[in-house]
Amino acid sequence: MILVALISTLVLGGLLAMLLEKWVTGSAKWVGLVASLLTMSLAGSLWIQYTGIDASTVSNGVFMVFKKPWIPEFGIEFHLEVDGLGLVMVMLTGFLGLVAVLISWSQVKHKEGFYYLNLLWTLAGIMGVFLAFDLFLFYLFWEVMLVPMYFLISIWGSANRIYAAYKFFIYTQIGGLLMLVALLGLYFLNGSSTGVYSFNYWDLIKTVLTTEQSMWLMWGFLIAFLIKLPVLPLHNWLPDAHGEAPTAGSVILAGLLLKTGAYGILRFVVPFFPDASQSIAMPAMILGVCGILYGAKLAFAQTDMKRLVAYTSVSHMGFVIIGIFAFNQLAWQGVIMQLVAHGLSTGALFVLAGILYQRTGTRDIRKYGGLWATVPRMGVAGLILVLASLGLPGLANFVAEFMTLAGTFTTTPIIAIAAAIGLIAAAVYSLRIMQKVFYGQDTASEKISDLSSMETLTIATVVFLLIYLGLNPGPITRTVEPSIKQLISQVETPDKGGFSYRTQVNNKSSSNGKH
Amino acid sequence: MENIDFNLLSPLILLAVAPVATLMVIAIYRNHTVTFCLAVILLVLFLIDCFRLWSLSFDNQMVDDLLMIDKFGLFFMILIAIGGILILFISYSYLNNNVKVAEEFYVLFLTALVGAVVLVSSIHFATLFLGLEILSISLYAMIAYTREWKNSIEGGLKYLILAAGSSAFLLFGMGLIYLQTGALDFEAIGSSLEKVNLISTAGLAMMLVGIGFKLGLVPFHIWTPDIYQGAPAPVTALIASVSKGSMVVVLVRFLHTTNSQQFAWIIWTFSAMAIASMLIGSLLALKQSNLKRLLAYSSIAHLGYLLVAIIAGSDFSVEAVTYYLVAYFISIIGAFGILSIFNSTGEIEQVSDLQGMFWTRPWLSVIFGVMFFSLVGIPLTAGFIGKFYVVMAAVNSGLWALAITLVVSSAIGLYYYLRVIKTMLTPVAKDAPKSALGQLSTMGLVVMSILGLLVIWFGVFPSQLIAVIRSIEVL
Amino acid sequence: MTESIWIIIALPLVSFLILAFVGQRMTRQTIALVATAGTGIAALFTLVTGWRLLSSNQANFEISSNLWEWINTSGLTIHMALHLDALALVFIFVITFVGFLILVYSTEFMNEDSGYARFFAYINLFIASMLILVLADNLLLLYLGWEGVGLCSYLLIGFWYQDPSNGYAARKAFIMTRIGDTALIIGLFLLFVEFGTLNIGEILTAAPEKWVTGDTTAKLAAFLLLGGAVGKSAQLPLQTWLPDAMAGPSPVSALIHAATMVTAGVYLIARTHAIFELAPEVQFIVAIVGAITLLIAGFSALVQRDIKRVLAYSTMSQIGYMFLALGVGAWSAAIFHFMIHAFFKALLFLGAGAIIMVLHHEHDMFKMGGLYKKLPVIFWTFLIASASLAALPLVTAGFYSKDLILWQVFASNIGGSGLWAMGFAGAFITALYSSRMVLVTFFGKTGISPTHRPGWAITTPLLVLAFLSFAGGFIELPHTMGHTQLFSEMLHGTLPALTMRELPANGELMLQIITGLTSIIAVGLACLVYLRRPSIVNQLKSSSFGNLFVRLWFTGWGFDVMYNALIVRPLVSISKLNKKDILDNISIGVSRLMAFGNSQLVLSQSGKLRWYMMIIALGAILTLTLSIVI
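This report concerns the structure included in the present document.

Criteria and cut-off values
For every chain, the first residue of its written sequence is number 1, and the numbers climb from 1 along that sequence. Working convention: letters from A go to chains and numbers from 1 go to ligands, in the order in which they are written. Note on the predicted model: pLDDT of at least 70 is required for a residue's local features to be given, and 80 or more for side-chain atom pairs to be given and counted; whole-chain, interface and lining totals, by contrast, use all residues. Side-chain figures throughout are based on the complete set of non-hydrogen atoms in the structure, without hydrogens or water. Nonpolar side chains (Val, Leu, Ile, Met, Phe, Trp, Tyr) are joined into patches within 5 Å and like charges within 9 Å, using only residues with over 30% relative accessible area and no salt bridge. For the accessible areas, the method is Shrake-Rupley and the probe is 1.4 Å, while residue cover comes only from the protein chains on display. By definition, a salt bridge exists where a carboxyl oxygen of Asp or Glu is found within 4 Å of a side-chain nitrogen of Lys or Arg. Strands are runs of DSSP state E lasting at least 2 residues, helices are runs of H or I lasting at least 4, and numbering of each runs from the N terminus. Accessible area is worked out with a 1.4 Å probe on protein chains only. A residue is then buried under 20% of its type maximum, exposed over 50%, and partly exposed in between. In what follows, a contact means two residues having at least one pair of non-hydrogen atoms within 4.5 Å. By the criterion applied in these results, polar contacts are pairs of N or O atoms within 3.5 Å in which, for protein atoms, one can donate a hydrogen and the other can accept it, and in which residues neighboring in sequence qualify only through two side-chain atoms. Here, axes are lines fitted to C-alpha atoms. For helices the fit covers the stretch in contact, and angles between N-to-C directions go from 0 to 180 degrees. Oblique is the label for every angle not falling under 35 degrees (roughly parallel), over 145 degrees (roughly antiparallel), or within 65 to 115 degrees (roughly perpendicular). We call a crossing left-handed when the near helix sits turned anticlockwise from the far one by less than a right angle, and right-handed when that turn is clockwise. Three residue categories are used. Nonpolar comprises Ala, Val, Leu, Ile, Met, Phe, Trp, Tyr, Cys and Pro, charged comprises Asp, Glu, Lys and Arg, and polar comprises the others, including Gly. To estimate how far a helix should extend, the number of its residues minus one is multiplied by 1.5 Å. Two aromatic rings, drawn from Phe, Tyr or Trp (for Trp, its six-membered ring), form a pair once their centres lie within 6.5 Å of each other, and the interplanar angle then sorts them: stacked below 30 degrees, edge-to-face above 60, tilted otherwise. Placement of a charge over a ring requires the Lys NZ or Arg CZ to be within 6 Å of the ring centre, with the centre-to-atom vector within 35 degrees of the ring normal.

1. A short note on a nonpolar patch on the surface
Right, on to step 1. A cluster of nonpolar side chains, contributed by C:Leu13, C:Val14, C:Leu17, C:Ile18, C:Phe21 and C:Val22, occupies part of the molecular surface with about 490 Å² of accessible area.
Right, on to step 2. By secondary structure assignment, the location of C:Leu13 is in helix H1 (residues 6–22).

2. Examining the environment of B:Ser246
All names here are of chain B.
Right, on to step 1. Relative to the helices and strands, Ser246 resides in helix H10 (residues 233–258).
Right, on to step 2. Residue class for Ser246 comes out buried when judged on its relative accessible area of 1%.
Right, on to step 3. As for Ser246 and Val468, which are separated by 222 residues in sequence, their C-alpha atoms are 19 Å apart.
Right, on to step 4. The residues touching Ser246, leaving out its near neighbours within four places in the chain, are Ile80, Ala116, Leu119, Val120, Leu135 and Ser241.
Right, on to step 5. In this structure the side chain of Ser246 is engaged in a polar contact, spanning 2.8 Å, whose partner is the backbone oxygen of Val242.

3. Topic: the environment of A:Ala35
All names here are of chain A.
Right, on to step 1. Checked against the element boundaries, Ala35 lands in helix H2 (residues 28–52).
Right, on to step 2. Given the relative accessible area of 5%, Ala35 is considered buried.
Right, on to step 3. In the structure, Ala35 is positioned 25 residues away from Leu10 in sequence and 6.0 Å away in space, judged by C-alpha atoms.

4. Some thoughts on the packing of helix H4 (residues 112–131) of chain A against helix H11 (residues 247–272) of chain A
Residue and element names in this part refer to chain A.
Right, on to step 1. In contact at an axis separation of 10 Å, H4 and H11 are set at 15 degrees when each is read in the N-to-C sense. On the basis of the axis angle, H4 is roughly parallel to H11. Pair H4 / H11 crosses with left-handed handedness. Across the interface between the two elements, Tyr115, Leu119, Thr122, Leu123, Ile126, Val129 and Phe130 of H4 pack against Ala248, Ile252, Leu256, Leu257, Lys259, Thr260 and Tyr263 of H11.
Right, on to step 2. When the residues that make up the contact of H4 with H11 are grouped by side-chain class, the tally is eleven nonpolar, two polar and one charged.

5. Some points on the environment of A:Gly347
All names here are of chain A.
Right, on to step 1. Note on placement: Gly347 falls in helix H15 (residues 329–360).
Right, on to step 2. Spatially, the C-alpha atoms of Gly347 and Gln173 are 24 Å apart, while their sequence positions differ by 174 residues.
Right, on to step 3. Those residues in contact with Gly347 that lie beyond four places of it in its chain are Val251 and His342.

6. Things to note about helix H4 (residues 103–120) of chain B
Right, on to step 1. Between its first and last C-alpha, H4(B) extends 27 Å over 18 residues, near the 26 Å set by a 1.5 Å rise per residue.
Right, on to step 2. The buried count for H4(B) comes to 15 of 18 residues, which makes it a mostly enclosed element.

7. Concerning the packing of aromatic side chains
Right, on to step 1. Under the definition given, this model contains 105 aromatic pairs over all chains.
Right, on to step 2. Ring geometry for B:Trp54 against B:Phe75: centres 6.3 Å apart, planes inclined by 50 degrees, an arrangement best described as tilted. Linking B:Trp54 in helix H2 (residues 32–55) with B:Phe75 in helix H3 (residues 71–98), this pair joins segments that are 21 residues apart in sequence.
Right, on to step 3. One cation-aromatic arrangement involves C:Arg28 over C:Tyr116; the distance from NZ or CZ to the ring centre is 4.7 Å.
Right, on to step 4. For C:Arg118, the ring lying beneath its charged end belongs to C:Phe159, and the centroid distance is 4.4 Å.

See below:
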């Protein structure tokens, strides 16, 4: 029930915000705050519940299930599950959702009701993506989160918002539809061989595919996720969308939306098509390296603060791709760590960029300079976030990158070495932010105000988490360990007949001998 | 004839009586409201009768090789009736505002529905052609009904000439097939068609031209924008939904009964038409600034999607077509409805007319947005389940190329649908002149709300509708 | 008490946290107190711990302290664990003790600066990071400290951030060291894959079992570690950041860019000596790198005008000596030189800083002149330190440490006369430029006059360091004179002894006499050409050949120019080339294509009936053709 509540709180909160704003002006933000706080605390209680459970007693990490028939004609269920991996993502969603609401507090001044509706619904969609274990439901959430995000960008974004919103929507929609096609292909192949037509994750995972089939179907899924991630050369929606979105939108885009891509690959592509995905590992990793370097290069060249940060995301997500396709437990741990760390650090960096934009009215970093003297708190925040972005040890991003690359090194050293060059590049572009924004002489005629106490609190919490997880990533790594082990076992033993643990989750017989 | 036939034919008879009755009432007492109420009541009666038949458990019954009364047909009769009622509601205020003499519209309208109902139960060339012509001829007049408008007259005339031409093709095709098989009913044709023959092939091809024209498939789509634009919005809604829908039904029936899908060339031709329709339709709409033309182009693409499901030819195929049609009916009637429910002379035509509507009329805009999202196929709307069904049918039959084309077309389509939504969201500049939208009719708003809720309902809980559709068998 | 060595790190860290959070609201006195107290107590703690350990008479003492589990997943287990042995003890002694002196000095030196609290926060963070680096029991924690000191170096070089050039210098330093760091982290990956652990002790034990001498993987690992070391220690080819790093305040130069951080590379190589011993070729490269760096940096130091740049090049050169020593297996000699160098070089920087402070921030030595009477304390202490740098025989600590290195280079089975000759030439140059520095600054014609004499907070650290620069050498005296080996005995358990080759019996004394005389000759020569007969220098400079060299040396052998031309400028221009992201053209192209399709297709919608009819007819023909063809 708590799983449904996670989603429905946000959905209902959004509706309430919209309606209440009509009656009481200024109430929407409070509704938003309450809803996101509630979601956060629900996620927190889930976390507490999870830590109370002996990991060995739950099958492959799934510790809570919610199932209701929905469209039985197609074997579609309203089927939510949460395991360690999902839990981490849910926590991240809850937290960044709260950050997004708080940061909108003083920045969004018009049409607040509709704004919070969209904000909360986007979060609900993302939450659903991380919880859905019915592939139809997953696709539904996947698509649904786009619409409110589209509104967020196209109404509250900056100058070029319309173009950015189109691009964002169309790019992701193409991927989504391809995924739908592949998804249905899988559904029918599974149905025709077993006689059970179902969108259940645990049913579909057992589908027996020929090499060719799995290759084609994998591409359908993969393209959708790679667009979201994004991988070179499918990344072009990202700088525009991140750049033009309102601050909260950028936070959600960078912090959560990109993560759904990585999550999707880990959750679906890898276990569904273990052989096919391994067969494209090398090209994928090369693309990842290209993404790291290309993103870094473009980040260095940007003069628009938000576009700059956006391109750093392209670069950082390159590590994620490499890590995933290294097919190594350590690397995958690193990937998940990276998802969390990047979500926090880049999210906060966008918060900062948004605040700067709000105060100065420009995003051109050439027009900043010497801000350290006027806004020291912002300077410190900027410094730490920039350091996180360049992977300074002691911050969560370093742990993530280290685990990813160390894991990758064990399988494909050459890729890890090439990716490590990205660490130098990260230093180059990250320090450029410091140099242009905070160093030098303050030339602006008007002094801007430093972080307000709420902004300070928001960023300080992020910074605290980054440092805490940088020095003790155990809470994350331990939580996802069962999921990761289960995923890696899919890859290491492609013999699909031998999975007994599934029967515990899946009531339907899984004993029909395959292979 | 036996009694049972009257029982089965009662809806048809009822509907056929309806225009006559309406005409008589007009002759006695000419009043718009009265006529409107009468038409609605008659349609409701028809609907009730259809439901009555539906609830009877009966075997599918043929009436003299001419008509087939089965659940498949009944389902679409019900759909046509509901669609008809909704369009009538939209029409009422529209006619009040735009024409001086509105009463005969209802006569034509009901006549058109008779044609459509005959079409959906047709299993014979004679009824096919008869239904088609009843439908078309009523439409000619209805398109030109707002005769003060130049576009309207032009549209009516164009439709008349072009449709006549296409009917000629259809008729000639039927003739050729008759020449070859000596039969006019689908089943007999089907059994004799097994031998491939130049004449019957040519006959089928000729028929395809006629059907393609009615459905507005590329390359026979060329009429759609002008007619859609010229016709009064409620009539456009009728063309887009009932007229095209009933043609789809008869096509499905024909293909299914004659088993024409055994011919590779039919599949190839249909596939080519579908691909061309999906792509060209979307591309044509890309920069269109006239809403009605935009919807016309989008309907080309939508019929392309439907054709994909028809080509699939599996069990899913008919289900998919049916569901898609339901979703499409609701969405397109809703979309055209919004264009016509304002209490002002003329109608919303340009996309730019909608600018800022979201902030001035949020509820209506939300409905409009829902309709458009349904047309795009965004989840939680009926259109999504429809599209899902179509992709399902395509994938199930391994029609990968068509499925991918559908994806591409949808992506292009997204652009122009979003453009409309974006326009609604763009606030009007403060010093701009006030929007000429005028007042809203309450009835229109209620109808729109119902449609909006239906779209959401069928999108979120499609299960019941699917169950109903599954219970249908095509014969 | 000994198990809680974490306190040594925690103390400066606490100072840092206090200053970072509430520093803005504190008075200068409180800030000074908080800033110095942490490191001061840590220094005391270190002294006590060291005393207890040394007096315990264990041959090979070690303390380990496990704080918490840092990473433990999927086969990677890394603890937040500390490890203290003799090698680390030397380093933490220098870090805390010299660090404390520099902090005391800074309380006065930075007094006028608005970023008072910020400065001390950074310094304390630096000290904490440096301590982590040294005390880490695994390479990843070492890397944390390694990057931490790099960060503090970045922050402190760019401390006066209002001047963008300082920011650029800071960025240069960070990025150049990052290049080395990246090699190091790849090395870590390699070691992790090879050994399944990053614990230094375990790796050092396992390495000789896993690899035979000359193993390719061992070479690779050693080479990558060396990459990290040359970056941090400003050795060839990553040396160019150090002179620019002088943009930071002088205490920073003293602490970070002379005494501690730049010697982290030396520490790293000494720490992982077992790997280098398994890769003799790479170890020889270490020696070569050191030898070349010490020479080219020496030449550069000879022609600088900025007093701090002289010292920067000198630092580079002296670290070159340490690398040379490491490269020939003279492990403890390298560490000994590190310690002595920390004393006298910190003193030199502090003295130079004091001079600069009282001369209105003048850096040019040639504008100083004749200061020996006006600033007596600074003069005498600076003189002692310079003498130590020049390695004047017998009375200076620098003589003993450098002499040890030169002798061991000569005597080592790896080294030999070639490397010795380079070191010897370097020693000559060192004596020459240090004399030049003293002579130009304190003698000659009077330049700018100082505003005031520095107070006790500045002079006391100078005096203490001067004492150490003079007396520090007596704990390790060569066989030939006194034969005290306190220092190398202490390190004996941690670092292996030098492997010697067969040598004539009295070789050591001969060499000592030669080197001692050489430095005296060099000082004499300097007096001659810089004080008595400046015309000689001017003549040399004005000759076209000399001019060329002077310019070349002045710019640090043109490395900056070369890197700019070969790497920086191409990269910058590439980044400008594609600012708009050429791949964006994919989506732009697609949308253009769609628009083009639209524009062509709408032409067909002409509205003309005959045209429509024709299209339908064409369609019919097409359909018929299809039906017949297929």
